[in-house]
Structure formats: structure tokens, C-alpha cells
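Chains, contacts and geometry: an overview
What follows is each chain in one-letter form.
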Amino acid sequence: MGRVYEATVSAPVNIAVIKYWGKRDSALILPTNSSLSVTLSQDHLSTRTTIRASPDFPIDRLWLNGVEEDISASKRLVNSITTARKLREALEEKQCRDGIPAESVVPLSKWKIHVCSENNFPTAAGLASSASGYAALVSALGALYDLPQSTSELSRVARVGSGSACRSMFGGFVAWQAGVADDGNDSLAVQVADRQHWPELQALILVASDKKKAISSTAGMQTTVETSSLFAERVRTVVPQRMEAMKAAIASRDFETFAEITMRDSNQFHAVCLDTYPPISYMNDTSRAIAGLVHAFNAARGRIAAAYTYDAGPNAVIYALKDDMRDLVELFTFCFPREDSMLADAFYPDPFGIFASSEEAGQRLTDPAVAKLANTAGKYPTGSVRRIIHTEVGDGPRILAASQSLLNDVGMPKRARE
């Protein structure tokens, strides 16, 4: 068997603290405003993608979580692959101009590819995987094609697949610069700080629903751009100021400022959705209850110790420093008990060893002030929160060893489902 041309990459999920909502160009996915996010650890949430190119493949093929999908059905996927192929083609042409014999230049840009992608979190978790998925795809294409472009330059390729995917091309804290150019050349991601900059920062994801939302983000943001008067003020004034304030808060590791801006931006994003005509409501009763508990927790602490943020859906992401996490986990697992049929370590896996056993979650409240708060709030219906994911700031895409490939010797998925 000859040389195998293949790359396997894993890529992370990111959660925005300054929200992206609205496009000035839908085809190129150019945003109306800049945004800023935190990249989460791949140990808990990631997409792994293997791509192989071969002259023996008759067509491009794609498998997502073991199920074959039609590549041509997704214009964004085709755009990302086509863009990467053009970059590889330009590299091959340069190699020929530089005097490398034509027979020594591997024509990868002309070969068809097999793409196999898997998430390490269940689809039922209710978490969007497009950011990690497209970041893994583009990173794998970059490695396979040996592209010379920088990570920021490659983030433009990820952007044409999924806007927020450009932010998953980096670890740590990442800004997606909106840019002003019509061709989108200056709309790309840049790293604000790496993961080691603020190791004490952690996150909880409270999954309040795993149902598909009634109004997609793509449809929702377009309607907002067309009908919301609040949206124009957000884009013109609020977001630029918050971007600078958030960068300063991250640089100085000022959690209280980071937290307040995060919550205010989440609140304004959902206010803009409600100002859309007809109004869009992504949060549910559980979402609002969680936000209320965060404010009550901060009042009990006498400082801003936790921050919530919500994307276009009901699931809550709670940011806090490591020292406050145990009390937060105790509070949420007490107020939002798991379903009887769910195992404790499936509901809250406890990756950082807060408890001696996952069974302890929700059984005891250590801090008297938090215990008083929890007893006042009471318990919400069992299963209101379907699971809790505890994670931390993570790194960017990782190139994995050949042993981690999702494809077998003939380039087909190792784990395929009908």
C-alpha cells in the first residue's frame, strides 16, 4: 500500500460572551458586529474529524457520527471545502513555479476526499456543534493540504462554513473581528489571550432542553436585522464599547467586570430578539430560573461571583472562578434534581473531583448562605435541567496521531451506522 494522505484533528466548542447576531452579507457570513468568546476544554466538548484524499475516491463523501450525509446538500460545507482546495491548488502551482518537478507535486487539490466526523458529546445534549465541526474540518484540511496560511487566515475558511466556527480555531479567549471589507478579507478571528492566561476560570453548562429550536439562528438573525430598532443601537454603540471593556477585563483577569459585561450582553441579545417582529424567544422558564438563581447567588456572596450567558437557545452557560464552583454545583444540583432514571455520573460527571462521589451532588449544601438561598428557591421539577457539564478554558484545534483516525485502511469509517 502506498502513502496515505490523511489528517485527523480535534477542535473545541466556544461560547460567546459578546454575542454575534446579524449578518451584513449572508453568502460570505460577514457579521454586523464583532464578537468575543471563551474556548472550552476539548476534554469535555470537542469534534474529531479525519479527512483522507485519494486518487481512487470517485466522489467526495461525508460521515457525521457514523451516518453518511450528502455533502452537496450543504452549500456552506461545499464552500469551505472548495475554498481550502483553491488554497491547496495555489500552493501546488507555487511549488511548480519554484522549480519542483511536476511529478513530485502531489495533486491533492484534484483528488476527492472522505470526511468522517464525530462529537464527544451526545447530540441529545442540546449543544450546537457547528463551530467545533467546521473548525475541525478546516484544521484537518489545512493539515492534509499542508497549507501555509496562519490560523487567523484559515479562520476565514471556517467562517464561510459557520460564523462562530472561526472563533474555535483558537484556544483561550478569541475575538471575531467583524471587518469592513466587502470581500470579507478582514473578517477573521484573533486570539485575545491563551488558555494559560486565566486558569482559574471555569464553566458549567446547564442543558435545559435538547429539542430543536423552532426558529433557527440563521432565520432569526435575519429577521432581527430587518425589524429591530434596538439592534441598530447595539451594533453602532454598545458592542464596540463592550468589546474593548471585555478585552481589558480579560487582560487584567477582572472577573466581576467580565461577569457583568457577559450577563448584560446576554440580556441585551435576548432583548433584541424580543424586539424583533414577530418576537423571538429562545429562553424558557428553566433558563429564566437559572438566571435568577445566579443573581441570588451573587447577592448571597456579596459580590459578582458567577455570570450566566445564553446563546440562541435555552441552555445556560455559567462562568465562575474555581473557588466558587463547588457551591454553584451544589446549588444547581439541589434546585434542579436529576430524573430518577438517570445515573448520577451521567447527570453531573464531576470531572474535577468536587465530590467523593457523583451521588453526593444535590445532597448537601456546604455554605449556609447558599443553603438558605436554595431552600428559599426550592426544587424545580425533576428533569428541568437534563444534564450539567463542568469544564474550563481550553486550547485550540489539535492535530492527532494516525492511531486516532476515524477511517480504516480503505478510507471508510471505522464506526458506521445505517
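This section reports on the structure supplied with the text. (Residues numbered from 1 in each chain as written. Predicted model: local features only at pLDDT ≥ 70, side-chain atom pairs only at ≥ 80, totals over all residues. Heavy atoms only, no water.)

1. A look at the pattern of salt bridges
This structure, assessed with the given rule, holds 22 salt bridges. Residues D98 and K94 are paired through a salt bridge, measuring 2.8 Å at the closest nitrogen-oxygen approach. A salt bridge links R398 to D395, with the nearest nitrogen and oxygen atoms 2.9 Å apart. Take R398: its relative accessible area is 27%, and that puts it in the partly exposed class. Because the salt bridges share partners, they merge into one network encompassing R301, R303, D324, D327 and D367. (Salt bridge = Lys/Arg side-chain N within 4 Å of Asp/Glu carboxyl O. Buried < 20%, exposed > 50% of the residue type's maximum accessible area, 1.4 Å probe, protein only.)

2. Some remarks on the side chain of S152
Mapping S152 onto the fold places it in helix α3 (residues 151–159). You can call S152 buried: its relative accessible area is 15%. Here S152 is in contact with F170, L188, A189 and V190, once residues within four sequence places are set aside. (Helix = DSSP H or I, 4+ residues; strand = E, 2+ residues; numbered from the N terminus. Contact = heavy atoms within 4.5 Å.)

3. Thoughts on unusual backbone geometry
Along the chain, Y277 connects to P278 via a cis peptide bond; the corresponding omega equals -5 degrees. Structurally, the position occupied by P278 is in the loop between α6 (255–275) and α7 (285–301). One non-glycine residue, I29, lies in positive phi territory at about 50 degrees. When you line up the elements, I29 lands in the loop between β3 (23–25) and β4 (30–31). The exposure class assigned to I29 is buried, which follows from its relative accessible area of 1%. A positive phi is found at N65, a non-glycine position, where the angle reads about 50 degrees. Here N65 lies in the loop between β7 (61–64) and β8 (67–69).

4. Some remarks on the sheet that holds strand β10 (residues 173–177)
Taking strand neighbours across the sheet as the criterion, the four strands line up as β2-β5-β10-β11 in an open arrangement whose pairing is antiparallel. Each edge of the open sheet carries a strand with a single partner, namely β2 (14–18) and β11 (188–193). Sheet twist, expressed as the average angle between the axes of neighbouring strands with direction ignored, equals 35 degrees. (Pairing = 2+ DSSP bridges. Axes fitted to C-alpha atoms, helices over the stretch in contact; angles between N-to-C directions.)

5. Focus: the environment of P240
With respect to the secondary-structure elements, P240 resides in helix α5 (residues 229–251). Classification of P240 by relative accessible area gives partly exposed; the value is 40%. In this structure the C-alpha to C-alpha distance between P240 and D395, which are 155 residues apart in sequence, comes to 26 Å. Sequence-distant contacts of P240, defined by excluding residues within four places in its chain, comprise R234 and V235.

6. Quick look at helix α2 (residues 130–144)
Over its 15 residues, α2 runs 21 Å from end to end, which matches the ideal 21 Å to within 8%, given 1.5 Å per residue. Counting buried residues in α2 gives 13 out of 15 residues, a clear majority hidden from the surface. Residue D146 follows α2 closely and has a positive phi angle near 55 degrees. (Expected span 1.5 Å × (residues − 1).)

7. What about helix α10 (residues 368–377)?
Burial in α10 covers these residues: V370, A371, L373 and A374. Each buried residue of α10 sits inside an arc of 160 degrees when the element is viewed along its axis, so together they form one side. For α10, exposure combined with an orientation more than 90 degrees from the buried face picks out P368, K372, N375 and T376. On the buried face of α10, the contacting elements are α7 and α8 (322–335). The distance from a side-chain oxygen at the start of α10 to the backbone nitrogen of A369 is 2.7 Å, and the residue carrying that oxygen is D367. Following α10 by one or two positions, G378 adopts a phi angle in the positive range, close to 80 degrees. (Arc of directions from axis to C-beta. Polar contact = N/O pair within 3.5 Å; in protein donor to acceptor, adjacent residues only side chain to side chain.)

8. Describing the layout of surface pockets
The method is simple in principle: a probe with the dimensions of a water molecule rolls over the atoms, and the space it marks as empty is what remains. Taken as a whole, the second largest pocket encloses approximately 330 Å³ of empty space. The wall of the second largest pocket is formed by 16 residues, among which T83, R156, V157, R159 and V160 lie closest to the centre. When contributions to the lining of the second largest pocket are tallied by element, the ones reaching two or more residues are α1 (75–97) and α3. With five residues, α1 is the largest single contributor of residues to the lining of the second largest pocket. Class assignment for the residues of the lining of the second largest pocket results in five nonpolar, six polar and five charged. (1 Å grid on protein atoms, 1.4 Å probe; cavity = no way out; pocket = protein on both sides within 12 Å on 5 of 7 lines; lining within 4 Å. Points joined across faces, edges and corners; volume = space filled by probe spheres on them. Nonpolar A, V, L, I, M, F, W, Y, C, P; charged D, E, K, R; others polar.)

9. Some words on the environment of H390
Looking at the element boundaries, H390 is found in strand β15 (residues 387–392). Residues H390 and P349 lie 41 residues apart in sequence; the distance between their C-alpha atoms is 7.8 Å. When near neighbours in sequence (up to four residues on either side) are disregarded, H390 contacts H44, Q202, A203, L204, M325, V329, Y348, P351, F352 and I354. At 2.7 Å, the side chain of H390 and the side chain of Q202 are in polar contact. A polar contact of 2.8 Å, which involves the side chain of H390, links it to the side chain of Y348.

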